[in-house]
Amino acid sequence: ACGGNGMLYPGEDACDCFDCFEGPSCSTRLEGEACVVVANSGTPYLFEDYWLARPRSAPLSVLPSYHIGYDAHVPRLEAAIRSLHGLVGNAVTDGREVVVGIGSTELIAAALYALSPTQDEATASVWSRAPYYSGYKQSATFFRSAGFEWAADNASSPPPATAERPLIELVTSPNNPDGHARAASVAGPHSSAVMDHAYLWPHFTAVGPPVAYGNSTVALFTLSKMTGHASTRVGWALCSDPHVAARMRDFVQTATFGSPRENQLRALAVLEHVVGSGGEIFTFARGRMLRRWERLEALFASLPEAGQPE
């Protein structure tokens, strides 16, 4: 209906056009300066063809009478998350608590709150080694918390970690933006880490031994970079320390009254498909990304005085 240049969603009269196309059926191609491609967006359109080819693979129907009330806990979602990690082999879930939140964005803030000091006279420093994900600073500063403050501006090395000034390190592995595998830079009795594993899936990187962290580390994962369902806003944390998990749940409950049940049900349907299919979505996404990289290399090779992308 959109000529491959957009998407027509159920109930809509016109297509939602991709960059450089417009019109009810996205048939008009924009030229010259009118064609602006937004290249800094993380919207994972990579997975659209996979789900379009499987329109009935993860059906979801929610009746208006289903679970009216405030309790939004979905035990099957936790079971599906544990099964997913067992299939992929990227994280140990035995002996870990699962905390569900509204995407990794909320869980980053929840982890900072949970790992920060409980005593009033102490404030944690939040630090990340450059280059780091640009959203970390906002998560650390938006709420103006008295328990922690951002300390990574113009700081190439971490600040000292002390009882009065403990350190929380934010680590993305594989890293955004350079894709390198990373580990926490600091270890000790007054330091902790938030390991952001949004990209620790087979289509982004080789999956080595499953991550298994101790009580001072929270591991984060998200649905968006794994299946493409970014607007569903579901992420989860794996915590070894029940106290940290409880504080994260308190944050999520206070900030947003929990994660909406409908969002969790959609995530459940998608994850059960991924597990039930043996992870075929990873094979699809890996192949698609390899083909795109080959096209990018060919493009750079055709340009004068241009080297190969690293």
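These numbers were taken from a predicted model, which means no experiment stands behind them.

Undergrad: Before we go on, may I ask you to explain the state of the cysteines in this structure?
TA: Simply put, the disulfide is a covalent bond whose two ends are the sulfur atoms of two cysteines. On inspection of all chains with the given rule, the structure shows three disulfides. Disulfide partner of C2: C15, at an S-S distance of 2.1 Å. Its S-S torsion of about -95 degrees marks the bond between C2 and C15 as left-handed, since a negative value means left-handed. Note that C2 is positioned in the segment before β1 (6-7) and C15 in the loop between β1 and β2 (16-17), a separation of 13 residues in sequence. Judged by relative accessible area, which is 4%, C2 ranks as buried. Assessed through its relative accessible area of 12%, C15 is described here as buried. Note that C20 is cross-linked by a disulfide to C35, the S-S spacing being 1.7 Å. Judged by the sign of its S-S torsion, about 80 degrees, the bond between C20 and C35 is right-handed.

Undergrad: Sorry if this is basic, but what is going on with the packing of aromatic side chains here?
TA: In this description, a pair of aromatic rings is defined by centroid distance and the angle of the planes. Across all of its chains, the model carries 13 aromatic pairs by this definition. With a centroid separation of 5.8 Å and 65 degrees between ring planes, the pair formed by W201 and F221 is classed as edge-to-face. Of this pair, W201 sits in the loop between β9 (191-196) and β10 (217-222) while F221 sits in strand β10; the two residues are 20 residues apart in sequence, bridging distant segments of the chain. Through a chain of ring-to-ring contacts, three or more aromatic side chains come together here, namely Y113, F142, F143 and F251.

Undergrad: Can you walk me through empty space enclosed by the protein in this structure?
TA: The gaps left among the atoms become clear once a water-sized probe is rolled over them. One pass over the structure, following the stated rule, counts one cavity of 30 Å³ or more. The space that makes up the largest cavity amounts to roughly 60 Å³. In this structure, the largest cavity is lined by V92, R96, V211, A212, Y213, G214, T217, A219, L238 and S240. Across the lining of the largest cavity, the residue classes tally to six nonpolar, three polar and one charged.

Undergrad: How do you make sense of helix α6 (residues 242-256) when you look at a structure like this?
TA: The periodicity of an α-helix, 3.6 residues per turn, causes residues three or four places apart in sequence to face the same way. The end-to-end C-alpha distance of α6 is 21 Å, a good match for the 21 Å that 15 residues give at a rise of 1.5 Å each. The complete set of buried residues in α6 reads V244, A245, R247, M248, F251 and V252. Seen end-on, α6 carries its buried residues on one side only, within an arc spanning 165 degrees. The secondary structure elements touched by the buried residues of α6 are β5 (97-101), α3 (103-115), β10 and β11 (235-239). After α6 finishes, the residue F257 shows a positive phi value of roughly 60 degrees.

Undergrad: Teacher, can you tell me more about a nonpolar patch on the surface here?
TA: A surface patch of nonpolar side chains, amounting to about 420 Å² of accessible area, comprises W293, L296, L299, F300 and L303. The topology assignment puts W293 in helix α8 (residues 280-302). The exposure class of W293 is partly exposed, given its relative accessible area of 37%.

Undergrad: When you look at the pairing of β10 in this model, what are you seeing that I'm missing?
TA: Sheet faces and side chains relate simply in a regular strand, where the side chains alternate between the two faces. Where burial is concerned, most of β10 is hidden: six out of the six residues are buried. The side-chain alternation of β10 yields two buried faces, one formed by T217, A219 and F221 and the other by V218, L220 and T222. Bridge analysis of β9 against β10 gives four bridges, and the strand direction is parallel. Along β10, the bridge assignment pairs V194 with V218. Two elements, β10 and β11, share five bridges in a ladder whose sense is antiparallel. Bridge pairing links A219 to L238 in β11.

Procedures and definitions
- Residue numbering note: each chain is counted from 1, following its sequence as written.
- Reporting in this predicted model follows two pLDDT cut-offs: at least 70 for local features of residues, and 80 or more for side-chain atom pairs to be given and counted; totals over whole chains, interfaces and linings ignore these cut-offs and use all residues.
- Hydrogens and waters are ignored; side-chain quantities use all the structure's heavy atoms.
- Throughout, a disulfide means two cysteine sulfur atoms within 2.5 Å of one another.
- Secondary structure elements follow DSSP: runs of H or I of four or more residues count as helices, runs of E of two or more count as strands, with numbering from the N terminus.
- Classification of residues uses two cut-offs on accessible area relative to the type maximum, computed with a 1.4 Å probe and protein chains only: under 20% is buried, over 50% is exposed, and between them is partly exposed.
- In summary, the pairing rule links any two rings of Phe, Tyr or Trp, Trp by its six-membered ring, whose centres are within 6.5 Å, and it sorts them by plane angle into stacked for under 30 degrees, edge-to-face for over 60 and tilted for everything else.
- Every definition here rests on a 1 Å grid over the protein atoms only: cavities are sets of points where a 1.4 Å probe fits but cannot get out, pockets are open sets enclosed by protein on both sides within 12 Å along at least five of seven lines, and lining residues have some atom within 4 Å of a point.
- Grid points are joined across faces, edges and corners, and a volume is the space filled by probe spheres set on the points.
- Polar here means any residue outside two lists: the nonpolar Ala, Val, Leu, Ile, Met, Phe, Trp, Tyr, Cys and Pro, and the charged Asp, Glu, Lys and Arg; Gly therefore counts as polar.
- Multiplying 1.5 Å by the residue count of a helix minus one yields the expected span of that helix.
- What the arc describes is the spread of directions from the helix axis to the C-beta atoms.
- Contact criterion: two residues are considered in contact whenever any of their non-hydrogen atoms come within 4.5 Å of each other.
- Patch construction takes residues with relative accessible area above 30% that form no salt bridge. Like charges are linked within 9 Å, and nonpolar side chains (Val, Leu, Ile, Met, Phe, Trp, Tyr) are linked within 5 Å.
- The accessible surface values rely on the Shrake-Rupley method and a 1.4 Å probe; as for residues, cover is taken only from the protein chains in view.
- By convention in these notes, a salt bridge is any Lys or Arg side-chain nitrogen within 4 Å of a carboxyl oxygen on Asp or Glu.
- In this analysis, strands are considered paired if DSSP registers two or more bridges between them.

Worth remembering: the numbers are spatial, not functional.
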